[in-house]
Structure formats: structure tokens, C-alpha cells
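Inside the fold
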Amino acid sequence: MPGGEATAYGYFGPVGTFTHQALLTLDPPAPADPVPYATVGQALQAVRDGEVAAALVPIENSVEGGVTATLDNLAYGDPLVITGEVLLPVQFGLYARPGTSLADVRLVTTHPHAEAQCRRWLADHLPEAEVVVGGSTAAAAAEVAHEGSRFDAAICAAVAGDLYGLEALASGIADNPDAVTRFVLVSRPVPVGQPTGADKTTLVLFMRENHPGALLEILEQFASRGVDLCRIESRPTRRTLGDYCFSIDAEGHVGDARLAEAMMGLYRTCAEVVFLGSYPRADHLAPDVRPGTANDDYAAASSWLERLRG
Ligand SMILES: O=C(O)C(=O)Cc1ccccc1
């Protein structure tokens, strides 16, 4: 890295992806000259290699669920942490080279999440067309833009359609017009930021051994401390069929006593707890703090115990 530490951010590109649009809304803004990577894996590896200071990647969609490439890379790759998140409403259109009409469209390409979110529209309007999923929505637009491309159309954002010189054959084609995608800003491990009062913490939990109620025991650690979960999904541990870990977003910050206590409970009872960061929520929603679970309540309980002991 000539000239010292990298300062630029990487993102799941190329220019015109939803991730790129999300990057442009970061607050504080991303440093100039962000670097596009063709896959989530390459963007995260660039962070590990110190090529970029951080990378923005998609993690979750309100319609399609988790982005497994991101979840698994963060769970199993060398340590990285999430330092921020961005929410972006996503809208899709069908874009083709100028002169193409809807009736000409036989072969469509796009990102798997875009295909999943436009399935009903495709079945209704292009029942004969084949869809081939590929890298990203913007890469699909760039591919279609090539004269002689085997693809007739791409599903992508209007920004990408315009950028790659395509024309809209249809817009607003998502089956759910209110879909939102969540993106996370990921860096090499850094000291965790201060709690803001509206934070999220991402964890991956590996169980000691499967037994009846194992998931319930994990959930109890959160429930008994009044910690709400914003996302939970099981992912294969890759060890043996039927063996799963849990990828979880919990409300709160590792600096909040109730979440810290829940995490200590998980540390005691799980085989492994991977901490992927505590960071401000993009929606700034403060949690509903249940009676007896505020920092002061834990501090008072701790002082009481000290008095009893001594
Ligand atoms: O392919 C893109 O543009 C991405 O950034 C990934 C994606 C795909 C579909 C919805 C949201 C994000």
C-alpha cells in the first residue's frame, strides 16, 4: 500500500449497483474514489488485505431474506466487523439495448435477489423468457449493453440502465414495491464505537451439541434480559448435514449491560460466539427498555451483590 493505510471504501459493484447507490447515502460520506468489486467475497477480501479501509456489501432484503454470500463470509472468514448499516428501498426495471421491444426478450440476466423479487412480473409478462442469474444488477446491465450479447434484457435499477445506455422496457416491476435492502459497512477489527442508544449487534452462535431446546436456551439468554432480536437465521456449519449455527442481529450495543449479560450467558453455554460488531441502527429506532433491564438496574444489582459479599 504505497503511501500508508488505505482510506478508500470498496463496494459490491460495478458502478450502478444498489450497493453503489447505498454507498452514496453513507453518513458520514464515504471517502472519494470508492473501489468496485465484482463479488461480495472479493470486496470483503480486499478489506482483509488492507486494499481498502472498509467495504459496503448487501446483507439482508425485506422480501428475499439474508444474503448468504455475506453472512457466510463474515461467519467463516478471517475476522471482520460491521461498523455501520444503510437501508435502501429497491426498485427494479427491465432494461434492453435501444430498439428492443418486450416481445423480443427471450433471455434475461440479473442478480439472484432481483430475479427473486420480480418473479411474478416475469411469469405474467415474459412467461417464455429464460432468466440467467449472475454477478450484480449493474454487471447484468453492462453485459446487455454489449452489442452481440446473448442477453436481451437486464433487471436492474434505473441508474444502471441509464449508465450503460439501455432503455426501459418496463419499470416498477418488483412484486413487492416496498422492498428494502440492508447493507453493512465492514472493516478489519477496530475498537467498538460508543453506544448511541439506538444500536444493533451482530453475532454468530455455534452450539455445543444439538439437544432438545438448544435454540430455546439461546433465545432465553436474550429474552430474560429484555433484548429483542431483529434477525435470526440458521446457516449450515459445513461440518455435517443438519448441523447449523445461528446468525443473529440483536437490539442494543455490547456496551449496554443487558446485551453484555446476554452475551456472557451465550459465551458460557455456546461452543463459540463470533462477535461481528455493535453499530448504530440506520433507522435510529431506540429499543423499548423493559423495566429492570437498564444499565442503572444492572449497576444497582451488582452493588447489592457486592454489599452481600462483603
Ligand atoms: O446487484 C446489485 O445491484 C446489488 O447491489 C445487490 C442487490 C440485488 C438486488 C437487490 C438489492 C441488492
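Residues numbered from 1 in each chain as written. Predicted model: local features only at pLDDT ≥ 70, side-chain atom pairs only at ≥ 80, totals over all residues. Heavy atoms only, no water.

Looking at the overall build of the protein
Scanning the protein from terminus to terminus reveals ten helices and 15 strands. Taken across its 310 residues, the protein has 47% of its residues classed as buried. Considering only residue pairs separated by 6 or more positions, the protein has 76% of its internal contacts joining residues 24 or more positions apart. For the protein, the exposed area adds up to about 15200 Å²; of that, 53% sits on carbon and sulfur atoms. Separation between the mean location of the 21 positive side-chain charges and that of the 39 negative ones in the protein comes to 7 Å. (Helix = DSSP H or I, 4+ residues; strand = E, 2+ residues; numbered from the N terminus. Buried < 20%, exposed > 50% of the residue type's maximum accessible area, 1.4 Å probe, protein only. Contact = heavy atoms within 4.5 Å. Areas by Shrake-Rupley, 256 points an atom, 1.4 Å probe, with all protein chains shown as cover. Lys, Arg positive; Asp, Glu negative; His and termini not counted. Charge placed at Lys NZ, Arg CZ, Asp CG, Glu CD.)

Section: the pattern of salt bridges
The final tally for this structure, using the stated rule, is 13 salt bridges. Residue glutamate 85 is joined to arginine 182 by a salt bridge in which the shortest nitrogen-to-oxygen separation is 2.6 Å. Remark: arginine 182 occurs in strand β11 (residues 180–187) and glutamate 85 occurs in strand β5 (residues 81–89); sequence separation between them is 97 residues. For the residue pair glutamate 85 and arginine 182, the accessibility class agrees, reading buried in each case. Between arginine 309 and glutamate 306 there is a salt bridge whose closest N-O contact spans 3.8 Å. Residue arginine 309 and its partner glutamate 306 are both found in helix α10 (residues 295–309); the two are separated by three residues, about one turn of the helix. Judged by its relative accessible area of 63%, arginine 309 is exposed. Where salt bridges share partners, they join Glu60, Glu85, Arg182, Lys200, Arg231, Glu233 and Asp249 into one cluster. (Salt bridge = Lys/Arg side-chain N within 4 Å of Asp/Glu carboxyl O.)

Points about the site of the ligand
Taken together, Phe12, Thr17, Phe18, Thr19, Val90, Phe92, His111, His113, Ala114, Ser136, Thr137 and Thr181 are the residues near the ligand. Residue phenylalanine 18 places a main-chain N or O atom 2.9 Å away from an oxygen atom belonging to the ligand. The separation between an oxygen atom of the ligand and a polar side-chain atom of threonine 137 is 2.5 Å. Look at the ligand: alone it shows 320 Å² of surface, and the protein chains cover 99% of it. Breaking the shell around the ligand down by element, the ones donating at least two residues are α1 (18–23) and α4 (112–117). Two domains each provide a minimum of three residues to the shell around the ligand, namely domain 1 (1–89 + 180–190) and domain 2 (93–171). (Near = heavy atom within 4 Å. Polar contact = N/O pair within 3.5 Å; in protein donor to acceptor, adjacent residues only side chain to side chain. Domains from an automatic or database assignment.)

So, the domain arrangement of the protein
Interfaces are frequently sized by the accessible area removed from exposure as the parts join. Partitioning the protein into structural domains gives domain 1 (1–89 + 180–190), domain 2 (93–171) and domain 3 (191–310). Between the C-alpha centres of domain 2 and domain 3 there is a distance of 42 Å.

A few points about the nonpolar core
Counting residues in hydrophobic clusters, the biggest one holds 31 residues, and the most contacted among them are Leu56, Phe92, Leu94, Leu126, Ile155 and Ile173. Contributing elements (two or more residues each) for this core: β1 (9–12), α1, β3 (54–61), β5, β6 (93–96), α5 (119–125), β9 (153–156) and β11. When residues in this core are grouped by element, the largest group, three residues, is from α1. Residues lining this core come from more than one domain, with at least three contributed by each of domain 1 (1–89 + 180–190) and domain 2 (93–171). Leave out the neighbours within four places in its chain, and leucine 126 touches Leu94, Leu102, Val105, Val108 and Trp121. (Core = buried A, V, L, I, M, F, W, Y, C linked by side-chain atoms within 4.5 Å.)

Thoughts on the sheet that holds strand β7 (residues 107–110)
Taken together, the five strands give an open sheet; going across it, the order is β8-β7-β9-β6-β10, and neighbouring strands pair in mixed fashion. Of all the strands in the sheet, the pair left with one neighbour each is β8 (130–133) and β10 (167–171). When the angles between neighbouring strand axes are averaged without regard to direction, this sheet yields 30 degrees. The pairing of β7 with β8 spans four bridges and is parallel. Paired with threonine 110 across the two strands is valine 133, which belongs to β8. The strands touched by helix α6 (residues 137–145) within the sheet are β6, β7 and β9, with β9 carrying the most contacts at an inclination of about 155 degrees. (Pairing = 2+ DSSP bridges. Axes fitted to C-alpha atoms, helices over the stretch in contact; angles between N-to-C directions.)

Re the packing of aromatic side chains
Using the criterion set out here, one finds two aromatic pairs in the structure. Note on phenylalanine 18 and phenylalanine 92: the rings are 5.2 Å apart at their centroids and 70 degrees apart in plane angle, and the pair reads as edge-to-face. Of this pair, phenylalanine 18 sits in helix α1 while phenylalanine 92 sits in the loop between β5 and β6, placing them 74 residues apart in sequence. Take phenylalanine 18: its relative accessible area is 10%, and that puts it in the buried class. (Phe/Tyr/Trp six-rings, centres within 6.5 Å; stacked < 30°, edge-to-face > 60°.)

Observations regarding the sheet that holds strand β14 (residues 244–251)
Strand order in the open sheet formed by four strands is β13-β14-β12-β15, and the pairing between neighbours is antiparallel. Taken across any chain shown, the strands that pair with only one partner, and hence form the sheet edges, are β13 (229–236) and β15 (272–280). Adjacent strand axes in the sheet meet at a mean angle of 15 degrees, parallel and antiparallel pairs treated alike. Along the sheet face, helix α3 (residues 68–76) touches β12 (199–206), β13, β14 and β15 and points at about 80 degrees away from the line of β13. Taken strand by strand, helix α8 (residues 214–223) contacts β12, β13 and β14, and its axis lies near 15 degrees from that of β14.

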